[in-house]
Amino acid sequence: MMFLTFALLMITIQCGLCDKVSPKPGLKLFREDYKSVEETCLAVGFVRNNCKNGSKTSKTSESNLNDKYDRVVAFDVRLKNEKRNLAAKARVVFETVDLNEGLGYDASTGIFTAPSGGIYVFDWTTLALGGLPAYTSLVVNGKFKSWSHCHDHTSKIILPCSKMTIVKLKIGDKFWIGVFSGTANMYNQYTSFSGYKL
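Small disclaimer: the values here were computed from a predicted structure and weren't measured.

Some thoughts on unusual backbone geometry
For Lys89, which is not a glycine, the phi torsion comes out positive at approximately 75°. Classification of Lys89 by relative accessible area gives exposed; the value is 71%. Backbone geometry at Leu103 places phi at a positive 60°, although glycine is not the residue there.

Next up, the structure:
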């Protein structure tokens, strides 16, 4: 009985000391290393500081959505099939998606929805069918913003045309490539649309 009491006393003392000594001595070193890496990443701008005035819970749901996609927003899409006689105000739907970082491009509609606000760079290239027009424009929230007039009336050659533009967008803004006048007639994979956030 004396032995059992002694064993119970030793277990109780050990458990009392467990609270004061970390069962994982490397945890403190890990936390210090992590903090050092985090501070370095913040200093070079790799990670944005998400804590405002020491509070980690002061964000709105919109800024949480913004932070979710703030790192990289980029897309690169192209036509799968040639397009013939797209009418004025028609949307060009690029079915083949080669890149969609930030998940803003919808291949079923041809619409890119900005996952975060900021300055965006867009480029589109059309390869007009021989002698036929391809009058395209960047459309932002239903308004034409930048135009590409791709048409050679005389030579009847297959004509490549490219356009680059820079636009300031807010989160949720929608943009696409549309036909601004007449018709658009474009070869398949040679016609593409890409963009990225600065």
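Observations concerning the environment of Thr96
Note that Thr96 resides in strand 4 (residues 96-101). According to the relative accessible area criterion, Thr96 is buried, its value standing at 19%. Between the alpha carbons of Thr96 and Ala107 there is a distance of 7.3 Å; along the sequence they are 11 residues apart. If near-sequence neighbours (up to four positions away) are discounted, Thr96 is found in contact with Asp76, Val77, Arg78, Leu79 and Lys80.

Let's talk about the pairing of strand 9 (residues 143-150)
As paired strands, strand 8 (residues 134-140) and strand 9 are joined by 7 bridges and run antiparallel to one another. Along strand 9, the bridge assignment pairs Ser137 with Trp147. Where strand 8 folds back on strand 9, the antiparallel hairpin that results is connected by 2 residues, among which Asn141 adopts a positive phi of roughly 50°.

Describing the side chain of Ser146
Position of Ser146 relative to the elements: it lies in strand 9. With residues near it in sequence (within four places) discarded, Ser146 still touches Trp124, Thr136, Ser137, Leu138, Lys163 and Thr165.

Let's talk about the state of the cysteines
Tallying each qualifying case throughout the model produces 1 disulfide. The disulfide that involves Cys150 links it to Cys161, with 2.2 Å between the sulfurs. Disulfide Cys150-Cys161: torsion about the S-S bond near 85°, hence right-handed. Of the two residues, Cys150 is situated in strand 9 and Cys161 in strand 10 (residues 159-169); the sequence distance between them amounts to 11 residues. Comparing Cys150 with Cys161 shows no difference in burial state: the two are buried.

Brief notes about the pattern of salt bridges
Within the structure shown, the criterion is met by 3 salt bridges. In this structure, Glu95 engages Lys83 in a salt bridge whose closest nitrogen and oxygen atoms are separated by 2.7 Å. You can see Glu95 sitting in the loop between strand 3 (91-92) and strand 4 and its partner Lys83 sitting in strand 2 (residues 83-87), a full 12 residues away along the chain. You can call Glu95 partly exposed: its relative accessible area is 27%. The class for Lys83 is buried, based on a relative accessible area of 16%.

The rules we used
Residues numbered from 1 in each chain as written. Predicted model: local features only at pLDDT ≥ 70, side-chain atom pairs only at ≥ 80, totals over all residues. Heavy atoms only, no water. Buried < 20%, exposed > 50% of the residue type's maximum accessible area, 1.4 Å probe, protein only. Helix = DSSP H or I, 4+ residues; strand = E, 2+ residues; numbered from the N terminus. Contact = heavy atoms within 4.5 Å. Pairing = 2+ DSSP bridges. Disulfide = S-S within 2.5 Å. Salt bridge = Lys/Arg side-chain N within 4 Å of Asp/Glu carboxyl O.

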